[in-house]
Structures are given as C-alpha cells and as structure tokens.
Amino acid sequence: MAKSKNHTGHNQIYKNHRNGIKKTRRPRKMSMAGMNCRFVRNQAFANRGMTKLTAEEKAEKLAAQKEAQKKVDEKRKAERQG
C-alpha cells in the first residue's frame, strides 16, 4: 500500500497574508509573572508611599535616588577597571 501524504504548506502563506501579518501589540504594563515576589511586593509598597508625598518631598527623594545611583555606577566602574 502506498504512503499517504502527511503535510503540505500549500496556500498557507497566501491565507496568512490576506489580512496581513501584524506585529504583536506591546503590553502597557510589564508582566510580573516569574519575577522575584519579594521584589514585586516591595515595589508595590514603595509606589504606594510615593503617592502620598508632596511635590517638594518627591523632588528630594528623586535627588537622593540619583545620588545613590551615581555612587553605584562609580563603584561598578572601579570594579571593572581595577
């Protein structure tokens, strides 16, 4: 007995392009699935704390954060060089 045909891709490309192959939509919010749950919880509490701040307190906090980030960047640079 002859073998029967198992698969063909005939006409599939044509059918796919009839409506156009579209790019997937990017999500507005990044998924937290698979992230460290302790980090996710802490991030949520930190965001809640930021909503209660006044504009001046927020500016101070952001300035402190940038300074801390500069220190971390300098430390990394020193580790890479030395």
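Scroll up for the structure.
Residues numbered from 1 in each chain as written. Predicted model: local features only at pLDDT ≥ 70, side-chain atom pairs only at ≥ 80, totals over all residues. Heavy atoms only, no water.

Caption draft 1: Fine view of unusual backbone geometry. The phi dihedral of Asn11 falls on the positive side, at around 75°, and the residue is not glycine. Along the chain, Asn11 falls in the segment before helix H1 (12-18). For Asn11, a relative accessible area of 38% puts it in the partly exposed group. (Helix = DSSP H or I, 4+ residues; strand = E, 2+ residues; numbered from the N terminus. Buried < 20%, exposed > 50% of the residue type's maximum accessible area, 1.4 Å probe, protein only.)

Caption draft 2: Broad picture of helix H2 (residues 37-51). The terminal C-alpha atoms of H2 lie 22 Å apart, and with 15 residues this matches the ideal 21 Å at 1.5 Å per residue to within 8%. With a side-chain oxygen lying 3.1 Å from the backbone nitrogen of Arg38, the N-terminal cap of H2 falls on Asn36. (Expected span 1.5 Å × (residues − 1). Polar contact = N/O pair within 3.5 Å; in protein donor to acceptor, adjacent residues only side chain to side chain.)

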